[in-house]
Amino acid sequence: GSLYQYFPNKRALAAAVIREMMAGFVRSFGEALASRKRNGLADTVDALIDVALVRHPHAPGKHRMLVELAPRLGLAGLSAAASREAADLIGIALL
């Protein structure tokens, strides 16, 4: 089957990929924080590095694609929302 039976056009497909990549990052970040002992800032930073560099070693081109494409697809706020969710997770881990 064709992807277009699920997505009406390229824009819709790209938007779905961007949403999933952002959600995957937040999900992985939350899982990394939850799976560690919470001994303060050092463990929280270790979890962040684990997600950013180990679990999600995306090519710089993918990050650039997210940053450049998201606003053109009406998803400019998605990156900010993912950042807020990650910041909230950090705040909870530091309590």
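**Some words on the overall build of the protein**
Phase 1: Helix and strand content of the protein: 4 helices and 0 strands.
Phase 2: Counted from the first residue to the last, the protein has its helices and strands arranged as α-α-α-α.
Phase 3: A total of 95 residues make up the protein; the buried ones form 23% of that total.
Phase 4: Intrachain contacts of the protein at a sequence separation of at least 6 include 68% that bridge at least 24 residues.
Phase 5: Put simply, the protein shows about 6400 Å² of open surface, and 62% of that area lies on carbon and sulfur atoms.

**Some points on the packing of helix H1 (residues 10-34) against helix H4 (residues 76-94)**
In a pair of packed helices, the angle between the axes and the distance between the axes together describe the arrangement.
Phase 1: Two elements in contact, H1 and H4, have axes separated by 10 Å at closest approach and are oriented at 5 degrees. When the axis of H1 is compared with that of H4, the two are roughly parallel. Contact with H1, carried on its side by Ile18, Arg19, Met22, Phe25, Val26, Phe29, Gly30 and Leu33, involves Leu78, Ser79, Ala82, Glu85, Ala86, Leu89, Ile90 and Ala93 of H4 and no other residues of that element.
Phase 2: In terms of residue class, the contact of H1 with H4 is built from 12 nonpolar, 2 polar and 2 charged.

**Remarks on the nonpolar core**
Phase 1: With 9 residues, the main nonpolar core is built from Ala15, Ile18, Met22, Val26, Leu66, Ala70, Leu73, Leu75 and Ala82.
Phase 2: Per-element tally for this core: the top contributor is H1, with 4 residues.
Phase 3: One finds Ala32, Leu33, Ala47 and Ala93 within the second-largest nonpolar core, a separate group that totals 7 residues.

So, how was this worked out
Residues numbered from 1 in each chain as written. Predicted model: local features only at pLDDT ≥ 70, side-chain atom pairs only at ≥ 80, totals over all residues. Heavy atoms only, no water. Helix = DSSP H or I, 4+ residues; strand = E, 2+ residues; numbered from the N terminus. Buried < 20%, exposed > 50% of the residue type's maximum accessible area, 1.4 Å probe, protein only. Contact = heavy atoms within 4.5 Å. Areas by Shrake-Rupley, 256 points an atom, 1.4 Å probe, with all protein chains shown as cover. Axes fitted to C-alpha atoms, helices over the stretch in contact; angles between N-to-C directions. Parallel < 35°, antiparallel > 145°, perpendicular 65-115°, else oblique. Nonpolar A, V, L, I, M, F, W, Y, C, P; charged D, E, K, R; others polar. Core = buried A, V, L, I, M, F, W, Y, C linked by side-chain atoms within 4.5 Å.

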